[in-house]
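Here is how the chains run, residue by residue.
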Amino acid sequence: MSLNKIKRFVFSDFRRQFNFLKLALSYFLKNTKSFGYPAKFMIEPANTCNLNCAACPVGNGEIKKTKGKLTFGDFKKIINEAGPYLYQLTLWNWGEPFLNPEIDRMVKYAVRQGIFVITSTNGHFLEGDWPKKIVLSGLDEIIIALDGLSQETLEKYRRGADFEKVVSGIKRLVEEKRKKASLKPVIQLQFIVMKHNQSELGKLKSFGKEIGVNKIVVKSFGANLDINRFKDFEPDKKYSRYKNRMSVKSFCRQLWFSLNINYDGTAVPCCYDPHEKHILGNVFQEGVKKVWQGEKMLEFRRKLINREKIDICRQCAYNSKISRKI
């Protein structure tokens, strides 16, 4: 557990602490019926995107599901039921969150409940009133994906991206924080290392200082469980998340602590199920508690104890990816 997560636990209220301990007990006992509520949600604001990234199932058109956006009313239903137990709300999945015009209202509503809120963006919507709305919403952290230090490098993978637009948007957000004398959101620049951009790693630190971000995180390229289709993007072995495939843990804690909810209420095991092969229920129709303790969830946890039995888990390299702060 990271230092920030420990701080959140120590300084949270008793109900969240007690719930988290019950979840931890369920996990360590490998009890498929959880003793508590989820401590973390990943909620999808929208399943559309303005870019066409090569290995992204939204960007390359592989997801055939009807396009849509989460409504603020539906979002409130989720938070009203389970918010008192949540430590963290992750507002993204397979899509660009800022294509949902109500995302700042969602952030504000969750922050008022004492929930740590983080979102991620490709950085093309940090213009107009958005920097101001982001700062005023109380958002705790924002990840801005920038996988290249030039237009040529960036658009190699993020097709349709505009380097100058992203950089100027980051600077506007930094300036808005300064004007409001706000420490939030923490601005994280995320750089996914690939074969064509790994030569730029040495310039990242000075670049981040120049534009004013709070931290930089380097992550390894992943191809939604099918690296063979995107070998051209895989970096050298020292940066690859696939070099230690045999060391991937067999027992994943995801389903004992968190729940993934797509824009229409569909619950799936995690973000590695973009095609909804393993639907666990619908929180708008059944409620969070019934999905969390439902037979589909319990059965998935039973299988997850030996993840070789599950297709999306069998090849998952999540626990062996590199993630390095600069």
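Our subject is the structure that appears above.
First things first, this report covers the structure right here in the doc.

**Considerations on the pairing of strand S3 (residues 116–121)**
Most of S3 is tucked away: six of the six residues are buried. Covered by surrounding structure in S3 are Phe 116, Ile 118 and Ser 120 together with Val 117, Thr 119 and Thr 121, the residues of both alternating faces. Where strand S2 (residues 88–91) meets S3, four bridges bridge the pair, whose relative direction is parallel. By the bridge assignment, Leu 91 is partnered in S3 with Thr 119. With respect to chirality, the unit in which S2 leads through helix H4 (residues 103–112) into the neighbouring parallel S3 is right-handed. Direction of pairing for S3 relative to strand S4 (residues 141–145): parallel, over a ladder of four bridges. What sits directly across from Ile 118, in S4, is Glu 141. Taken together, S3, helix H5 (residues 130–137) and S4 constitute a β-α-β crossover, and its handedness is right-handed.

**Topic: unusual backbone geometry**
In the segment running from Lys 184 into Pro 185, the intervening peptide bond is cis, with an omega of 0°. Assignment of secondary structure puts Pro 185 in the loop between helix H7 (163–180) and strand S5 (186–193). For Lys 30, which is not glycine, the phi torsion reads 55° and is therefore positive. Within the element layout of this structure, Lys 30 appears in the loop between helix H2 (14–28) and strand S1 (40–43). Under the relative-accessibility criterion, Lys 30 is labelled partly exposed at 43%. Backbone geometry places Glu 276, a non-glycine residue, at a positive phi of 55°. Within the fold, Glu 276 resides in the loop between strand S8 (266–268) and strand S9 (281–282). A relative accessible area of 18% places Glu 276 in the buried class.

**Quick look at a nonpolar patch on the surface**
Taken together, the side chains of Leu 25, Leu 29 and Phe 35 make up a nonpolar region of the molecular surface, amounting to roughly 280 Å² of accessible area. Relative accessible area serves as the criterion here: at 45%, Leu 25 is assigned to the partly exposed category.

**Things to note about the packing of H4 against H5**
Where H4 contacts H5, the axes come no closer than 9 Å and their chain directions differ by 15°. With respect to their mutual orientation, H4 and H5 come out roughly parallel. H4 and H5 meet at a crossing whose hand is right-handed. Between H4 and H5, the residues in contact are Ile 103, Asp 104, Val 107, Lys 108 and Val 111 and Trp 130, Lys 133, Leu 136 and Ser 137, respectively. For the contact of H4 with H5, a count of residues per class yields five nonpolar, one polar and three charged.

What counts, and at which threshold
Residues numbered from 1 in each chain as written. Predicted model: local features only at pLDDT ≥ 70, side-chain atom pairs only at ≥ 80, totals over all residues. Heavy atoms only, no water. Buried < 20%, exposed > 50% of the residue type's maximum accessible area, 1.4 Å probe, protein only. Helix = DSSP H or I, 4+ residues; strand = E, 2+ residues; numbered from the N terminus. Pairing = 2+ DSSP bridges. Right-handed = clockwise from strand over helix to strand, strands pointing away. Patch = residues over 30% accessible without salt bridge, like charges linked within 9 Å, V, L, I, M, F, W, Y side chains within 5 Å. Areas by Shrake-Rupley, 256 points an atom, 1.4 Å probe, with all protein chains shown as cover. Salt bridge = Lys/Arg side-chain N within 4 Å of Asp/Glu carboxyl O. Axes fitted to C-alpha atoms, helices over the stretch in contact; angles between N-to-C directions. Parallel < 35°, antiparallel > 145°, perpendicular 65-115°, else oblique. Left-handed = near helix turned anticlockwise from the far one by under 90°. Contact = heavy atoms within 4.5 Å. Nonpolar A, V, L, I, M, F, W, Y, C, P; charged D, E, K, R; others polar.

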